[in-house]
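Chain by chain, the residues run as shown.
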Amino acid sequence: MAAAEENSTLFPIFILTLMAFPLVPYTLIKLFHAVSKKTTNINCQCSVCFRSGKYRKSIFKRISNFSTYSNLTLVLLWVIMAVLAYYIKHISSEIQVFEPFNILGLEAGASDSEIKKAYRRLSIQYHPDKNPDPEAHKYFVDYISKAYQALTDPVSRENFEKYGHPDGRQGLQMGIALPKFLLDIDGSSGGILLLGIVGVCIILPLMIAVIYLSRSAKYTGNYVMHSTIYTYYISMKPSLAPSKVLDLFVKATEYRDTPVHRIDEEPLQKLFVLVRSELNLDVKNIRQEQAKFFKQHPGYVKSELLIQAHLTRETSDLSPNLQCDLKRVLELAPRLLEELMKMTLVPRTPQGHGWLRPATGVVELSQCIVQAVPLSARKATGSSEGYAPFLQLPHFSETVVKKIARKKIRTFQDFRDMKLEERAELLSQVAGFSASESEDVEKVLQMMPSISLDISCETEGEEGIQEGDIVTLHAWITLERGNGLIRALPHAPYFPCDKEENFWLLLADSLSNDVWVSQRVNFMDEATAIIAASKAIQELKEGSGASARDVKATVKEAIAKVKKGSRLVMGKFQAPAEGNYNLTSLCLCDSWIGCDVKSNLKLKVLKRSRAGTRGVVSTDEVPTVEDGIEEEDEEEEEEYDDYESEYSEDDEDVKDTKSRGAVANGSAHNKSTGSSSDSSGSEED
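Rules behind the numbers
Along each chain, residues carry numbers from 1 onward, in the same order as the chain's sequence is written. Local features in a predicted model are, by the rule used here, given only for residues with pLDDT of at least 70; side-chain atom pairs are given and counted only at 80 or more, and totals for whole chains, interfaces and linings are based on all residues. Excluding hydrogens and water, the side-chain figures rest on all heavy atoms present in the structure. Excluding any residue in a salt bridge, patches collect residues exceeding 30% relative accessible area, merging like charges within 9 Å and nonpolar Val, Leu, Ile, Met, Phe, Trp and Tyr side chains within 5 Å. To be clear on the numbers: accessible area is Shrake-Rupley with a 1.4 Å probe, and residue cover counts the displayed protein chains and nothing else. Any Lys or Arg side-chain nitrogen found within 4 Å of a carboxyl oxygen on Asp or Glu counts as a salt bridge. Neither His nor the chain ends is counted toward charge; the positive residues are Lys and Arg and the negative residues Asp and Glu. To locate a charge, take atom NZ for lysine, CZ for arginine, CG for aspartate or CD for glutamate. Secondary structure is summarised from DSSP: a helix means a run of H or I of at least four residues, a strand means a run of E of at least two, and numbering begins at the N terminus for each. Burial classification: accessible surface area is computed with a 1.4 Å probe over protein chains only, and a residue below 20% of its type maximum counts as buried, one above 50% as exposed, and the rest as partly exposed. Classification of ring pairs rests on two measures: the distance between centres of Phe, Tyr or Trp rings, Trp counted by its six-membered ring, which must be within 6.5 Å, and the angle between planes, read as stacked under 30 degrees, edge-to-face over 60 and tilted in between. Criterion for a charge above a ring: Lys NZ or Arg CZ within 6 Å of the ring centre, and within 35 degrees of the ring normal.

Undergrad: Hey, could you run me through a negative patch on the surface in this one?
TA: Taken together, D498, E500, D525 and E526 make up a surface patch of like negative charges. In this structure, E500 sits in the loop between strand 3 (470-480) and strand 4 (502-509). The partly exposed category is assigned to E500, whose relative accessible area is 39%.

Undergrad: Help me out: how do you make sense of unusual backbone geometry in this one?
TA: Residues apart from glycine generally show negative phi values, whereas peptide bonds are mostly found in trans. Residue Y223 is not a glycine yet carries a positive backbone phi of 60 degrees. In this structure, Y223 sits in the loop between helix 10 (187-216) and helix 11 (226-235). For Y223, a relative accessible area of 59% corresponds to the exposed category. One non-glycine residue, R313, lies in the positive phi region at around 60 degrees. The topology assignment puts R313 in the loop between helix 16 (298-311) and helix 17 (320-345).

Undergrad: What should I look at first to understand the packing of aromatic side chains in this one?
TA: How two aromatic rings sit relative to each other is given by the distance of their centres and the angle of their planes. Going through the model one piece at a time under the given rule, you end up with 15 aromatic pairs. Judged by centre distance (5.8 Å) and plane angle (75 degrees), the ring pair of F396 and F415 falls under edge-to-face. One end of the pair, F396, is in the loop between helix 19 (388-391) and helix 20 (398-405); the other, F415, is in helix 21 (residues 412-417), and 19 residues separate them in sequence. The pair F396 / F415 is uniform in exposure class, with both members buried. Taken together, a centroid distance of 5.5 Å and an interplanar angle of 85 degrees make the contact between F396 and F433 edge-to-face. You can see F396 sitting in the loop between helix 19 and helix 20 and its partner F433 sitting in the loop between helix 22 (420-429) and helix 23 (435-447), a full 37 residues away along the chain. These aromatic residues form a ring-pair network of at least three members: F390, F396, F412, F415 and F433. Residue placement shows K251 over the ring face of Y300; its charged tip is 5.6 Å from the ring centre. It is R348 that lies over the ring of Y233; its NZ or CZ is 4.1 Å from the centre.

Right, here's the structure in full:
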């Protein structure tokens, strides 16, 4: 029994040791990273963002930022360790080792007369005849009497002095550091213990697995419902106009499940009147169009009206309930837009190409949602590109844009290219901005990214590109800002949550509306970019037969470029039939308007002359569009006066490109801060 009690007391020590081994080093590493982490502010510092309160670090936001699953688990484990340490200290103070000399208040080796004298003294103090206290009686019987007997009996005293125990040498005792109830198992407790083990080890994991699988079966890895992905896929069309992307975007199942209450009917009707000019409605038959619009699913209607209210910045008069619904709708938007973009780039043609026009429309919609700019502001008027890029600047409005346009500032790029003094004078004298408002504009302009693109296409190990070859796309995307930052969050005071900048690199054929290569690029994670670039460069150089020294030098150079703000993108595609192809390379930002890069790339494919066909992919292996998915009717396209995407090209643009010439076969170098830029060069045979 004593051994079982001793093992039971060792169980907390055993658990505490197991927890301390991984927890202490993990905590030290986490604290080291927290201390050594750079405190560079990547948020916008303008007064508009400050007043929005999105980046204000209140006590609640600090707690929310700390309350991650890993941090809370770490704190919980340390609390458990503290409780175990307190419990171990408590039970160790209760367990007293039987030491006769200490009990009688003597030193080891005391004489018989000293033992008897101490016993008489303690008897006067604790004997039941002298002290009626029950505790004193218990202490006298359990400790004082037993200690006196152990020291007055010659055999017991000799055993104690020699072996440390009155009964003599004790055998070696082995035990298990487990609780007492696990060691003393009888009929009733054994059944309860068996049920507990089955429940904890079998039933509980099964329940967790069932709940997880039932929920994960509805969602993708990006936490978007599978039904939403299916709706986006079957509804996507190659000729989808950019202004109609929003109609498809709100058809997500997540938006259909938006709760609609009776008290929302009147506010939504008023909201419809405010934003109906932004909806795809026939103004001549507005009553019929309104009735048709409200016949849709209430969740779709509410979501689209709230998004249009956000785009037009008509959210100040919304009720608290509608404000909460709008926040939920906007928080879901980045994930849904990313999946919608993927559906535009899914291989649809026998060659495995996606569609360019809907892809650019999704990016434009993302830009407008993040910056809270109406889609109608992107319509080009005359020689102007539209005033949408200006509206993302603080304190700007359509009226201010018109005033600036009188000073021959026609495009947003012209405004960005102005000198600091000239721009400050323009804002103060023409737009009527104060010094603080002009400073806010400069802060946002300093945050805006400038992208340069260096792209090339080649067949590895071969000269020229022949039909059927597997062509490797090699692109370096470099980001620069006026404030010197690489990692930064966009200026988006109307967007309720943090939004990272994402860039989409597209290699497309504008004439056929096909996207040959697509890749999403992010500048927030430098470590991952270094690993990816190093691995890609190393494999490329080793495959070409370069020496170890050359490989090491090239990898080192690539790492230096990544640290300076460049990202490497590599992709492969199969060379089409023989001919000259005027391709377009696009680097589109999903958070800023007017920061995209566009360049022309001339690809010359030669007739097959090499033996065999290298890397030819069968058309049967490439997924194509499902039966029943058709392009929109031409009549439907003509009914709505749609704005033309700034990335679309017509035949005249292609002719101009041919007359000017194009870049060298399979390579293009472009540096631009505007929404579009064409690079030219000479063709190499």
